[in-house]
Every structure is written in C-alpha cells, then in structure tokens.
Amino acid sequence: MFYLTKQIRVRRSGLITFAIKLGSTLTGFAFIVLVTSNLPTTDFGLWQLISRVISYTIFVVNIPIFWSTRYRARGTILGKSAMVEAALFSLVLTSFYLVISFILAGAISGNYSTNLYFFLISAVQIPLYTFSGVLEGILWGAAPERASFGFGVFEIAKVVIGGLAVAVFHLSLTGAILAVTGAQAVQIAVALYLARGEFTDKVSFEIIRRMLRSGWLAILNLSGTFVATFDVLLVALVTGAIAENLIALYSAALVYASVVTYSNWIAFGLYAGILSGIDPRRSANQILELQYFFTAPMVVGEIILAYPLLHVFKQDYALGVPILTVLAIASAFNAFSLTFDSIITGSDRSDAATDATFASFLKSKLFLVAKINIITSAIYLVVVSSVSHYFALGGPVIFGMQQDLFIGVVWATAALGMWATNVLLKVQLVRKITYLSISSKNFVSLVLGTASFGAILYLLSRIIVIRGGAVLQALYILVMGSVGLLVYAAIVMSISSEMRKLTKQAIQSLLNR
C-alpha cells in the first residue's frame, strides 16, 4: 500500500475538505436560488435573522467541539463522553432559544404570531446542530479527511428536501426551514457512521468536567467570530424600516463572498496534524501556498461576475454588486486570518499539560489569538452599528446610492478593515512558527494565471448574453467559470513544477486511501 507521510496526509485531508466544501457550494447555491426565487425579500431577511439567532444560541457548543478535536488529535477516545455532553448542552440551549424567540418575534417588523411560528419551528435545529458539531469535532481530531463528508451530504440533502418542500409543495419559508432540519438529521446519521469506531470509551465525567472548567478558553478562542456575527442583529435594530431589505442585500452578497473563505478549509487537516505533533514549518508554508492559488481566482471571479451571480437569485439582489465586490476581498483576508489561527493555536501546547493553570493559559498563544479576534470584532461592531444608525436617519439616497445599498457597502468595508487588521496582527506570530515565502516560479504562475483567468472571464461576460431562468443563468456562469479555470490551471501547471508535484501527490494519495 502506498505509504502516506504525515505531511502528505495533511495536504490530502486539506484538499479533500476543500474539494467537498467547494463542491457543496453548487448544491448550496442551488438551495439559495431555490429559496430566494420562491420567497419574498422580507421572508428571506427573516430567515437570515433566525439563522443568526440560532448561531448565537449554539455558540457555546464550541466548548465540546473545540476540546473534542484537541483531545482526540492527541489520542484520547471520548465518543460517549462527548455525546453525553452534547445532550446536556442541547437541553439548556434549546430552552434559552425558546425564551429569546418570544422576545425577538415582537421586536422586529411583521406579524408577531407569524414571526413566532417561524422561530419555534426552527428550535429543533439547536440539538441537531449540537450533536452534528460535536461528532464532526471528534472526526476532525481522528480523521480530518472524513470530517467534511457529513457537510457534503448535508448540502445535497438540503437541496433534495428543499426542492420538494419549497418548489413542489410550495411551503415557502416553512419549507426552507424544514429542508435545513431534515438535512441536519441526515448529516448526523452520516457522521455517526463515519465515527462508529469512536465510542469504545466509558462515559468520563472527569473529561466533561475538564472541558467545562477550561471552556472559557474555547469560548474565548472563538469569541472573535461570534462577536462579529452580531452585526446582523445590531444592524437590524438600528436601521428600522429598511432593515430587512438591507440584510437581504448584504446576506445575498455574503453567500458568494463566503465561498472565498472556503479556501481556509485547506488548512483544516493542518490544524489536527500540528496538534498530533508534525513539524509545522514545511507543511504550513505548503498549505499557505495552496491557499494562495485557490483564493486568487475566486476573488477575481466573484468581482468580475458579481452582477450575473447576484442576478441569479433575483433581479432585486443585483443591486448588491458593490457589496459583493468589497466582501470578496474582505473574505480573502478572513480566509488567511483563519488559517493563521489554525497554525498558531495548533502549535500551542499549554493545554496538553496535566498541571495547566489559569495563569499559564493567560500566557498562551491560544489566549493571544483570542484577544486579537475579540478586540478587532468589538471595534467592527461599534463602527458598523454607529455608521448604520447615522445613515439610516438620512434620506433615501446617499451619495448617489440607494440608502440600504450605501449602508451595505459601508458595512462590507468595515468587515474588510476588521479582517485585514487581523491578518496584519497575526502575521508576525506565524513567522515565528513557519516561514512565509513563495518561490519565484510559483509567484509568476499565480500572477499570470490569475490575470489570464480574469481576462477570459471579462471577455466572456462581454460576449455572452446571459438569459433565461435561474437554472439556465447559473449554467451560463458555470460554463464561463470552467473555461477560465481551465486556462488558469494550464498556465499554473506549465510554469510551476512544485504545483505539478503537489497535484500529483494529492491524486496519488486519493487513489491509495
């Protein structure tokens, strides 16, 4: 059998994860098109708000997820213990969500009973997210290359169920919520199968106690991302009547911009690999180089095709082109910031010591990264909420832009500032762990390949008239993107011998799993 070194396994798991995540964007995209083409803009905005509230509620589930990955990567079997902990979290968090639902249903525009109904039928997603998250946390530590399969199945199931519920039975927003719920159930079933060998332990309340006792570090480590997600809620509260349209425009653009962030998934295997003891210097730099090659064409492609991409959802969303343009660049910085987090926190050993103290955690790189993320996120929220409130008091047109569009652009610009700052603050920490360099051939191939990709897309977008319904429009865009990517890949592979070697290794490792 083909022998897999740890470094090759890290790259393999990263590429598998990225491929599944990127492939899932097609099904995720199909689902969004399905929903946006069948829902009024206000319902779509409400759905996005409910989704954010759920994400706020389940944030503390990152405690068992975070520690399950770190414990398992270092050799501890804890499947049964993690499931007991997930059940406890589910009970508490579902109760909390129900209380919040009654409050928020009356605090936003629209009919109270209708709002409450949609909040309540979404409640079952709390335990489903909890169990699926913990199961994937275990898999990330045990076998990173398998951890993302559940997500891929989730996306496929979501489209199938959503197609029936929304398009066939015309259940509107109820159908969209049921589609997500059903897909979560399928995801859990797949994750349980993939993790079937992880339940040989006895329930250890000592492990659960240790996770909870040091849970503050897990929460702190991910608090930056959590704090930043309050932007939607704050904007909704301070912009009043224009909130739902504004959130809908921003959320539609964010759907595409988030795809750029998927390049960070290349580094997911790296995180578990560093935790298990591999030397991060060589592997980390190779992963970063791979990320450069995937990120650049995604950013350029989204900027050039911003209008047709948003138009696929609905004509109304095409107004958000400036928002998507800024968010695409912002998401690239976010992707590298997240990869830096994996490198920095993966190399930290403070939690591996049995006698680790609160004081030692305060001196750790885990704590330092958390501080950076929280401070920049807090500043971001202050800027977004203040500026949004100020311009929401103005007229319907601001600097020649529709009011909600202008606020959306400012909102996206604030996100760009936050993520760019994160990268600048973390880059020095990463330099102490690995070297950040790119060979001259790789750099030339990246620049020429990206420039050619952008030129091909621009020419095709000027020559081809995209027409028809949402599905046909999406096919036009897919063909254009595929042509551009073929040109990009040809140029990169012809110039960069290292990329040819990495591609060959990845294919060989996949064929010899």
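Everything in this summary refers to the structure shown in the same document. (Residues numbered from 1 in each chain as written. Predicted model: local features only at pLDDT ≥ 70, side-chain atom pairs only at ≥ 80, totals over all residues. Heavy atoms only, no water.)

**Describing the packing of aromatic side chains**
Aromatic rings in a pair are described by how distant their centres are and how their planes are angled relative to each other.
(1) Moving on: Evaluated as defined, the whole model comprises 19 aromatic pairs.
(2) Moving on: Residues Phe44 and Tyr317 carry aromatic rings whose centres are separated by 5.8 Å and whose planes lie at 75° to one another, so their mutual orientation is edge-to-face. Placement of the pair is Phe44 in helix α2 (residues 41–57) and Tyr317 in the loop between α16 (306–313) and α17 (321–346), with a sequence separation of 273 residues.
(3) Moving on: Relative to Phe367, the ring of Trp216 lies with its centre 6.4 Å away and its plane at 65°, an arrangement referred to as edge-to-face. You can see Trp216 sitting in helix α11 (residues 215–228) and its partner Phe367 sitting in helix α19 (residues 365–392), a full 151 residues away along the chain.
(4) Moving on: Using a relative accessible area of 15% as the deciding quantity, one classes Phe367 as buried.
(5) Moving on: Ring-pair connections join several aromatic residues into one group, and the members of that group are Phe31, Phe44, Trp47, Tyr256, Phe313 and Tyr317. (Phe/Tyr/Trp six-rings, centres within 6.5 Å; stacked < 30°, edge-to-face > 60°. Helix = DSSP H or I, 4+ residues; strand = E, 2+ residues; numbered from the N terminus. Buried < 20%, exposed > 50% of the residue type's maximum accessible area, 1.4 Å probe, protein only.)

**As for the nonpolar core**
(1) Moving on: Core analysis: the biggest nonpolar cluster contains 141 residues, and Trp47, Phe119, Tyr250, Ile323, Leu327 and Tyr380 have the highest contact counts within it.
(2) Moving on: Among the elements that take part in this core, helix α20 (residues 403–431) stands out by supplying 14 residues, more than any other.
(3) Moving on: Residues Trp140, Ala147, Met298 and Ala332 belong to the second largest nonpolar core, which totals 12 residues. (Core = buried A, V, L, I, M, F, W, Y, C linked by side-chain atoms within 4.5 Å.)

**Topic: the packing of helix α4 (residues 79–107) against helix α6 (residues 125–142)**
Helix packing geometry: the angle between the two helix axes and the distance between the axes.
(1) Moving on: For the pair α4 and α6, interaxial distance at closest approach is 8 Å and the crossing angle is 150°. One finds that α4 runs roughly antiparallel with respect to α6. For the pair α4 and α6, the crossing hand works out as right-handed. Judged by residue contacts, Gly79, Ala82, Met83, Ala86, Ala87, Phe89, Ser90, Leu93, Thr94 and Tyr97 of α4 engage Ile126, Pro127, Thr130, Phe131, Val134, Leu135 and Ile138 from α6.
(2) Moving on: Within the contact of α4 with α6, the residues separate by chemical class into 13 nonpolar, four polar and no charged. (Axes fitted to C-alpha atoms, helices over the stretch in contact; angles between N-to-C directions. Parallel < 35°, antiparallel > 145°, perpendicular 65-115°, else oblique. Left-handed = near helix turned anticlockwise from the far one by under 90°. Contact = heavy atoms within 4.5 Å. Nonpolar A, V, L, I, M, F, W, Y, C, P; charged D, E, K, R; others polar.)

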